Amino acid sequence: MATQAHSLSYAGCNFLRQRLVLSTLSGRPVKIRKIRARDDNPGLRDFEASFIRLLDKITNGSRIEINQTGTTLYYQPGLLYGGSVEHDCSVLRGIGYYLESLLCLAPFMKHPLRIVLRGVTNDQVDPSVDVLKATALPVLKQFGIDGESLELKIVRRGMPPGGGGEVIFSCPIRKVLKPIQLTDPGKIKRIRGMAYSVRVSPQMANRIVDSARSILNKFIPDIYIYTDHMKGINSGKVGCPLPAPGQATQRQLEIVLKCPMTMDGRHSVRWLSITQSSPEPLITSPGFGLSLVAETTNGTFLSAELTSNPQGQGAAVLPEDLGRNCAKLLLEEIYRGGCVDSTNQSLALLFMTLGQQDVSKVLLGPLSPYTIEFLRHLKSFFQIMFKIETKPCGEERKGGDKVLMTCVGIGFSNLSKTLK
């Protein structure tokens, strides 16, 4: 086993998931210092601690050391084990925060992964489960990770701040990944979408669809946007909020009852004072949103999404505005273009790195800051560098400038895959 002396060292809380995922795949320990050291509330946040617990569940033999203030983390990865797992995600971030990393790790388990994640399915920060299902799973299939066991299913939707959603993700395992040559994204042939509403009027979803179509119909006729109205137990959690540390879950209320009684033919009133426990007021998490996916003739999927503000946070959003803005975001993503949308750039580059010792190429739109940092981490953990060629749009008018990424895979092999 590697010792602490051979570990990679980083400072700060940024890109924590990237570092831990690449550490797990490469087998190199990592030490992260000064995690919000100067903050009023220093150390790891709840959602980061939940992510570390998730890594511990899907691996065997991992060693995790966190100092008393939570500002220093040492992670020595174990073997990716997989199997059947359940995990309650922090409601401070969406399930997409955890799912993005699971998509990177799932093909390299010892046993096929089947995991149930509970929490917030759609929020304004992380990619929603709908978008990952429509765009990330096709990326996995390009690398040879497919079959009936590759599935991402939304059982219940949960909106912030309460959450209560439930998602099932299952993925087969592969010994090696095949190289790819994705250099022609093709032309847009259809647009599909999902307008969802949770604990609000079902009419909200219909209003979103109408406003989104009013923009998209000018460009292409093949548009179909489904509506998904969840109600009852499928629409998230209704219950008491979590108590703050040191607070009781119930409060004492003084209740005075006014009891009219007849005594000796005269009407009198008796005041009765009782004390009883009453739970905190119930919380619900209403919301609505839209996810849109454009499919090209060559099997590329480009996505955009928007979600309403959580209850009690920010100004109320009109469904019509949300639908129009989401349609404009999709047009912007189509303008950026590429064979992989901006949400899944890092996933495609990781699988190219881990592929067989052969040349892989992919055409991307402008690289996001997250992807640029991911390329730096790939160099640190796997000593691999990409050839980057800019492809100006030229006279073809196919959107903005593109980037052609080329690399030779390291020949990563899933040694823990069970032999049959």
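S.K.: What's the story with the overall build of the protein in this structure? I'm lost.
M.R.: The secondary structure content of the protein amounts to 8 helices and 20 strands. Within the span of the protein, comprising 420 residues, buried residues form 48% of the whole. Within the structure as shown, the protein displays about 20800 Å² of accessible surface, and the carbon and sulfur contribution to it stands at 52%.

S.K.: Is there a simple way to think about the nonpolar core in this case?
M.R.: Soluble globular proteins: nonpolar side chains tend toward being buried together. Formed by 78 residues in total, the largest nonpolar core has its most connected members in L25, I58, F169, V362 and L378. Top contributing element to this core by residue count: helix α3 (residues 95-105), with 8 residues. Once you skip the residues sitting within four places of it in the chain, L25 turns out to touch L80, C104, L105, F108, L350, L354, F382 and F412. Judged by nonpolar contacts, the second largest core, of 20 residues, contains L216, I220, I223 and L290.

S.K.: Would you explain the sheet that holds strand β20 (residues 402-408) in this entry?
M.R.: Note on sheets: strands pair through backbone hydrogen bonds, and any given pair is parallel or antiparallel. Reading across the sheet, the 4 strands line up as β11-β18-β20-β19 and stay open at both edges, with mixed pairing between neighbours. The open sheet has two free edges, formed respectively by β11 (181-182) and β19 (387-391), since each of these has just one partner strand. Two elements, β11 and strand β18 (residues 359-364), share 2 bridges in a ladder whose sense is parallel. Within β18, the position partnered with L182 by the bridge is V362. Here helix α7 (residues 345-354) sits on the sheet in contact with β18 and β20, set at roughly 170° to β18.

S.K.: Just to check I follow, could you spell out the pattern of salt bridges for this structure?
M.R.: Close approach of charged atoms allows side chains of opposite charge to pair. All chains considered together, the criterion is met by 22 salt bridges. Between R376 and E373 there is a salt bridge whose closest N-O contact spans 2.9 Å. One end of the pair, R376, and the other, E373, are both in helix α8 (residues 369-382), 3 residues apart, so they sit about a helical turn from each other. When its relative accessible area of 51% is taken as the criterion, R376 is described as exposed. By relative accessible area, E373 is classed as buried at 19%. What emerges from the salt-bridge pattern is a single network uniting E86, D88, R118, R156 and E166.

S.K.: Teacher, can you tell me more about empty space enclosed by the protein here?
M.R.: Where empty space is left in the structure can be found by rolling a water-sized probe over the atoms. Within the structure shown, the criterion is met by 2 cavities of 30 Å³ or more. The volume enclosed by the largest cavity comes to roughly 160 Å³. Sorting the residues of the lining of the largest cavity by element identifies α1 (16-26), α3, α7 and α8 as the ones contributing at least two each. Looking at the lining of the largest cavity, the element that brings in the most residues is α3, giving 4 residues. Classifying every residue of the lining of the largest cavity gives 6 nonpolar, 5 polar and 2 charged.

S.K.: Even after reading the chapter, I still don't get the side chain of S128, so can you show me in this structure?
M.R.: Position of S128 among the secondary structure elements: in the loop between β8 (111-119) and α4 (129-142). According to the relative accessible area criterion, S128 is buried, its value standing at 0%.

S.K.: Would you mind going over the packing of aromatic side chains with me for this structure?
M.R.: Given two aromatic rings, one states the distance between the centres and the angle between the planes to describe the pair. Overall, the coordinates contain 10 aromatic pairs when judged by the stated rule. Between F143 and F351, the ring centres sit 5.4 Å apart and the planes meet at 75°, which makes this aromatic pair edge-to-face. Here F351 lies in helix α7 and F143 lies in the loop between α4 and β9 (151-156), a separation of 208 residues in the sequence. In this structure F351 comes out as buried when scored by relative accessible area, which is 0%. By way of ring pairs, the aromatic residues F47, F51, Y97 and Y98 are connected into one cluster. Above the face of the F47 ring, R93 is positioned so that its terminal group lies 5.1 Å from the ring centre.

S.K.: What is the right way to read the sheet that holds strand β7 (residues 82-88) from this model?
M.R.: As summarised here, the arrangement of the 4 strands in space is β7-β8-β10-β9, forming an open sheet in which the pairing is mixed. Taken across any chain shown, the strands that pair with only one partner, and hence form the sheet edges, are β7 and β9. Between one strand axis and the next, the sheet turns by 10° as a mean value, whatever way the strands run. Bridging between β7 and β8 involves 6 bridges; their strand directions are parallel. From the neighbouring strand, H87 faces β8, where its bridge partner is L117. Strands in contact with helix α2 (residues 46-58) are β7 and β8; relative to β7, the strand with the most contacts, it is inclined by about 160°. Most of the contacts of α3 go to β8, to which it runs at about 170°, and overall it touches β7, β8, β9 and β10 (165-171).

S.K.: Where do I start with the confidence of the model for the protein in this structure?
M.R.: Any region with low pLDDT has predicted coordinates that should not be read closely. Confidence along the protein averages 87 in pLDDT terms, with 85% of residues attaining 70 or more. When the elements of the protein are averaged for pLDDT, strand β14 (residues 250-263) gives the smallest value, 32, and α3 the largest, 98. Note that residues 240-282 has pLDDT below 50 and, in this model, 52 contacts with residues that lie over four places away or in other chains.

S.K.: Which parts of the structure should I look at to understand the packing of α4 against α7?
M.R.: Any two packed helices are characterised by the angle at which their axes cross and by the distance between the axes. Where α4 contacts α7, the axes come no closer than 10 Å and their chain directions differ by 15°. By the angle class used here, α4 and α7 are roughly parallel. Between α4 and α7 the crossing geometry is right-handed. Contacts from A136, V139 and L140 in α4 reach L347, A348 and F351 in α7. Looking at the contact of α4 with α7 residue by residue, the classes come out as 6 nonpolar, no polar and no charged.

S.K.: Any chance you could explain the packing of α3 against α4 here in plain terms?
M.R.: α4 packs onto α3 with a crossing angle of 10° between their chain directions and a minimal axis gap of 11 Å. Between α3 and α4, the angle is such that the two are roughly parallel. Residues I95, G96, L99, E100 and L103 of α3 lie in contact with α4, whose contacting residues are V129, L132, A136, L137 and L140. Its residues assigned to classes, the contact of α3 with α4 comprises 8 nonpolar, 1 polar and 1 charged.

About the cut-offs
- Residues numbered from 1 in each chain as written.
- Predicted model: local features only at pLDDT ≥ 70, side-chain atom pairs only at ≥ 80, totals over all residues.
- Heavy atoms only, no water.
- Helix = DSSP H or I, 4+ residues; strand = E, 2+ residues; numbered from the N terminus.
- Buried < 20%, exposed > 50% of the residue type's maximum accessible area, 1.4 Å probe, protein only.
- Areas by Shrake-Rupley, 256 points an atom, 1.4 Å probe, with all protein chains shown as cover.
- Core = buried A, V, L, I, M, F, W, Y, C linked by side-chain atoms within 4.5 Å.
- Contact = heavy atoms within 4.5 Å.
- Pairing = 2+ DSSP bridges.
- Axes fitted to C-alpha atoms, helices over the stretch in contact; angles between N-to-C directions.
- Salt bridge = Lys/Arg side-chain N within 4 Å of Asp/Glu carboxyl O.
- 1 Å grid on protein atoms, 1.4 Å probe; cavity = no way out; pocket = protein on both sides within 12 Å on 5 of 7 lines; lining within 4 Å.
- Points joined across faces, edges and corners; volume = space filled by probe spheres on them.
- Nonpolar A, V, L, I, M, F, W, Y, C, P; charged D, E, K, R; others polar.
- Phe/Tyr/Trp six-rings, centres within 6.5 Å; stacked < 30°, edge-to-face > 60°.
- Lys NZ or Arg CZ within 6 Å of the ring centre and 35° of its normal.
- pLDDT = per-residue confidence, 0-100.
- Parallel < 35°, antiparallel > 145°, perpendicular 65-115°, else oblique.
- Left-handed = near helix turned anticlockwise from the far one by under 90°.

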